[in-house]
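# Breakdown of the fold
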Amino acid sequence: MAIEYKSAGVDVEAGYEAVKRMKEHVQRTMNERVVTDLGGFGGLFSLAGINMEEPVLVSGTDGVGTKVKLAFLMDKHDTVGIDAVAMCVNDVICCGATPLFFLDYIACGKNYPEKIAQIVKGVAEGCVQSHSALIGGETAEHPGLMPEDEYDIAGFSVGIVDKKKVIDGSTVKAGDALIGIGSSGVHSNGFSLIRKVFGLNEEGAAERLAQYHEELGMTLGEALITPTRIYVKAIEALQKAVTIKAISHITGGGFYENIPRMLPKYTKAVIQNGSWDMPPIFGLVQKCGEVSDYGMFNTFNMGIGMLVAVDASEADKAVKALREAGEKAFCIGQIEASENEAPEAVLV
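In this report, we go over the structure that sits alongside the text.

Calculation rules
Each residue is numbered by its place in its chain's sequence as written, counting from 1. Totals for whole chains, interfaces and linings use every residue, but because this is a predicted model, local features are given only for residues with pLDDT of at least 70 and side-chain atom pairs only at 80 or more, for both listing and counting. Based on all heavy atoms of the structure, the side-chain values leave hydrogens and waters out of the count. Here a helix means four or more residues in a row that DSSP labels H or I, a strand means two or more in a row labelled E, and each is numbered from the N terminus. The size measure is the radius of gyration over C-alpha atoms, and the globule rule it meets is 2.2 Å times the number of residues to the 0.38 power. The rule is simple: take the accessible area with a 1.4 Å probe, protein chains only, and divide by the maximum for that residue type; under 20% is buried, over 50% is exposed, in between is partly exposed. By definition, residues are in contact when any of their heavy atoms lie within 4.5 Å. Throughout, the Shrake-Rupley method with a 1.4 Å probe supplies accessible areas, and for residues the shown protein chains are the sole cover considered. Charge convention: Lys and Arg are scored as positive, Asp and Glu as negative, and His as well as the terminal groups of each chain are ignored. Where a charge sits is defined by one atom per residue type, namely NZ (Lys), CZ (Arg), CG (Asp) or CD (Glu). Only buried residues count toward a nonpolar core, which is a set of Ala, Val, Leu, Ile, Met, Phe, Trp, Tyr and Cys residues joined through side-chain atoms within 4.5 Å. Identification of polar contacts relies on pairs of N or O atoms within 3.5 Å, with a donor-acceptor requirement for protein atoms, meaning one able to donate a hydrogen and the other able to accept it, and with residues adjacent in sequence counted only if both atoms are side-chain atoms. Strands qualify as paired when DSSP identifies two bridges or more between them. Angles here are taken between N-to-C directions and fall from 0 to 180 degrees, while the axes themselves are lines fitted to C-alpha atoms, restricted in helices to the stretch in contact. What makes a salt bridge here is a side-chain nitrogen of Lys or Arg within 4 Å of a carboxyl oxygen of Asp or Glu, nothing more.

### Structural notes on the overall build of the protein chain
The helix and strand tally for the protein chain stands at 12 helices and 12 strands. Relative to a compact globule of 348 residues, whose C-alpha radius of gyration would be 20 Å, the protein chain shows 21 Å and is just as compact. Each principal axis of the C-alpha distribution contributes one length, and for the protein chain these read about 75 × 55 × 35 Å. Residue burial in the protein chain is summarised as follows: out of 348 residues, 50% are buried. Residue pairs in contact within the protein chain that sit at least 24 positions apart in sequence constitute 84% of those at least 6 positions apart. For the protein chain, the accessible surface area stands at approximately 16,200 Å², while carbon and sulfur atoms represent 51% of it. With 31 positive and 46 negative side-chain charges, the protein chain shows a spacing of 4 Å between the two charge centroids.

### Thoughts on the nonpolar core
Tyr151, Ile153, Ile235, Leu238, Ile244, Ile247 and Val308 are the most contacted members of the largest nonpolar core, which has 47 residues in total. The greatest single-element share of this core, amounting to seven residues, is contributed by helix α3 (residues 80-92). Not counting chain neighbours up to four residues away, the residues in contact with Ile153 comprise Gly63, Val64, Val68, Gly81, Ala84, Tyr105, Ile106, Ile119 and Val123. Membership of the second largest hydrophobic core comes to 41 residues, among which are Ala205, Leu224, Ile271 and Val291.

### Examining the environment of His77
As for its placement among the helices and strands, His77 is situated in the loop between α2 (68-74) and α3. Residue class for His77 comes out buried when judged on its relative accessible area of 8%. Separated by 40 residues in the primary sequence, His77 and Ala117 place their C-alpha atoms 9.0 Å from one another. Excluding residues that lie within four positions of it along the chain, His77 makes contacts with Ala71, Phe72, Lys115, Gln118, Ile119 and Tyr151. Looking at His77, its side chain comes within polar contact range of the side chain of Asp75, at 2.9 Å.

### Focus on the environment of Pro55
Here Pro55 shows up in strand β1 (residues 55-63). A relative accessible area of 45% places Pro55 in the partly exposed class.

### Here we look at the sheet that holds strand β4 (residues 151-162)
If you trace the four strands from one edge of the open sheet to the other, you get β1-β4-β2-β3, paired in mixed fashion. For this open sheet the edge positions go to β1 and β3 (133-141), each flanked by a neighbour on one side alone. Looking at each pair of strands side by side, their axes are set apart by 15 degrees on average, direction ignored. With eight bridges joining them, strand β2 (residues 98-108) and β3 adopt parallel strand pairing. Bridging from a neighbouring strand, Ile106 pairs with Thr139 of β3.

### Focus on the pattern of salt bridges
In total, this model carries 14 salt bridges according to the counting rule given. The salt bridge partner of Glu53 is Lys164, with a shortest N-O separation of 2.9 Å. Pair noted here: Glu53 is in the loop between α1 (12-27) and β1 and Lys164 is in the loop between β4 and β5 (177-182), with a separation of 111 residues, a long-range link. No difference in accessibility class separates Glu53 from Lys164, as the two residues are exposed. Within this structure, Lys173, Asp176, Lys245 and Asp311 form a network of salt bridges that share partners.

### Here we look at the sheet that holds strand β8 (residues 246-249)
Judged by pairing direction, the sheet is mixed, and its six strands sit side by side in the order β8-β10-β5-β11-β9-β12 without closing on themselves. Pairing within the sheet leaves two strands with one partner each, and these edge strands are β8 and β12 (344-347). Looking at each pair of strands side by side, their axes are set apart by 25 degrees on average, direction ignored. Here five bridges tie β5 to strand β11 (residues 329-337), and the two strands are oriented antiparallel to one another. Residue pairing across strands places Ile179 opposite Cys331, the latter belonging to β11.

This is the structure in structure tokens:
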């Protein structure tokens, strides 16, 4: 008896159908620099006419982590793609780069074309928000390796910056102001802890996600699956208004791991706790899980998705520019000298 690929768990025809369904979403991201159409072996992107003295390419790759578990439980697949783009482009812009293009990778137990198209719809939306062209990707069917109704998603972003305009934190000094840009919620980090806190690994998880919480003004699931905010346009607006000295994307590791990454030696970032509006989801997580303050700030963004250092004289101008760009922005601290060589973040 002949054995076909489909009987082994891989449906090539479903793959063709998924590509057909995602084309309309991918088309939204195209611009004049994209040289090839969807379906080639490689995505081509022209750099002709880039007006830079010494152009430097900047790359970043990331995924969504266990946040995809919420998508499975809620059967909602059109937002995790935004998360995948956000996690990559928000890293790339930390050095002052402008995102150019994006590629995604989706691994699934079984290729359901409608579901794959919904995932890619989210990726395309994230690309539109970040001015990125979606020039390629891969959907891999993994029968026997993953459950049929599950998938994982990751992505890869490439941006560009003139070498003389790279933001590297080298000019940060004591007295500089720290401007926090508000997050949309949990973003895409800490979901293993969140699933444990709310019992989302157990029977009845879908029902718990559907429960309305007065303090959230929505269901738990709606609050948790809210897409990661993309800060490309915000940083573009800020660069036109002030001189940015350093940028930190607050992701896994929270304040204590990410903020020191933008600081030079012998400095510390002193953060005034309570100086910004914290989304209520964090209070609910802390209350339900009895998580310590340190544990919260060492895991989550706590309402600050990006942190920017500027000269103190430009702090008000920076906050104004960000708010005019549609962001929640707050002056949340300052840089101080430190006796320790290793930079650190301190909450007071």
